[in-house]
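# Fold and geometry: a report
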Amino acid sequence: GAVVSQHPSRVICKSGTSVKIECRSLDFQATTMFWYRQFPKQSLMLMATSNEGSKATYEQGVEKDKFLINHASLTLSTLTVTSAHPEDSSFYICSARRGGGNQPQHFGDGTRLSIL
Amino acid sequence: AQSVTQLDSHVSVSEGTPVLLRCNYSSSYSPSLFWYVQHPNKGLQLLLKYTSAATLVKGINGFEAEFKKSETSFHLTKPSAHMSDAAEYFCVVSVPGEAGGSYIPTFGRGTSLIVHP
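Before going into details, it helps to say that this report is about the structure given with it. Just so we're clear, the structure is a prediction, and the values are computed from it rather than from any experiment.

### Some words on the interface of chain A and chain B
Residue-level contacts link 20 residues of chain A with 20 residues of chain B. For the pair chain A and chain B, the summed buried surface comes to about 1600 Å²; carbon and sulfur atoms form 55% of the total. Remark: the boundary between chain A and chain B carries one salt bridge. Scanning the region where chain A abuts chain B turns up five residue pairs in polar contact (both at pLDDT 80 or more). For the side of chain A that touches chain B, the elements supplying multiple residues, two or more each, are β4 (32-38), β5 (44-51), β9 (90-97) and β10 (105-107) of chain A. Grouping the constituent residues of the side of chain A that touches chain B by class yields eight nonpolar, nine polar and three charged.

Here it is as structure tokens:
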């Protein structure tokens, strides 16, 4: 149980394109979803936290208008990278948590985004 | 505010020997603690969690961790390393946010486990 599906796994696109990444909890309802960015050989950097039906809470330094997060239901959150540029190339990972903070996160397999 | 320190960026062991990955935390509240493993180009998989029950926690794949409040530690161990254990390991602490709000997990920097044949 507690499977999180993240799609697509890899995206290669031209500069200026907007890219949407989906994160779905397949067998549980996720009260909270997290979006992370991971640079090579580094830890995960939290970008934003989203609770179903409310606006996402962004971490300091993360542009809200650049990284649009929608958490429309208890099983789906999306991250849209708007007008992507090469510096946005990275590994993006989502996670979903059921219930309170003493519950573990369940992670998607990540999305490798490459902007040419 | 909470923080997590993974003391070693790399740990190298021979196959069949014990594994010790160290994690220390600081927190004003009683924390929940987790260990995750990440294989290359993959998401993270939960190994085990501590949430104020037994201080010795057993996880998957033969891993276990002991919560020591006096030492503010949550080290991950395994009696005998396997080649498939080679991966990145993350220690995570989770405590209530300000005013008892949403728990925000804090990640350690990660420890790369290298297993030699």
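Further notes follow.
### Here's the deal with the sheet that holds strand β7 (residues 67-73) of chain A
Residue and element names in this part refer to chain A. As summarised here, the arrangement of the four strands in space is β1-β3-β8-β7, forming an open sheet in which the pairing is antiparallel. In the strand order of this sheet, the two ends are held by β1 (4-7) and β7, each with one partner. The average undirected angle you get between the axes of adjacent strands in this sheet is 15°. Pairing analysis gives four bridges linking β1 to strand β3 (residues 19-25), with the strands arranged antiparallel. Following the sheet pairing, H7 is matched in β3 by E22.

What counts, and where the lines are drawn
- Residues numbered from 1 in each chain as written.
- Chains lettered and ligands numbered in written order.
- Predicted model: local features only at pLDDT ≥ 70, side-chain atom pairs only at ≥ 80, totals over all residues.
- Heavy atoms only, no water.
- Contact = heavy atoms within 4.5 Å.
- Buried area = accessible area lost by both parts, 1.4 Å probe.
- Salt bridge = Lys/Arg side-chain N within 4 Å of Asp/Glu carboxyl O.
- Polar contact = N/O pair within 3.5 Å; in protein donor to acceptor, adjacent residues only side chain to side chain.
- Helix = DSSP H or I, 4+ residues; strand = E, 2+ residues; numbered from the N terminus.
- Nonpolar A, V, L, I, M, F, W, Y, C, P; charged D, E, K, R; others polar.
- Pairing = 2+ DSSP bridges.
- Axes fitted to C-alpha atoms, helices over the stretch in contact; angles between N-to-C directions.

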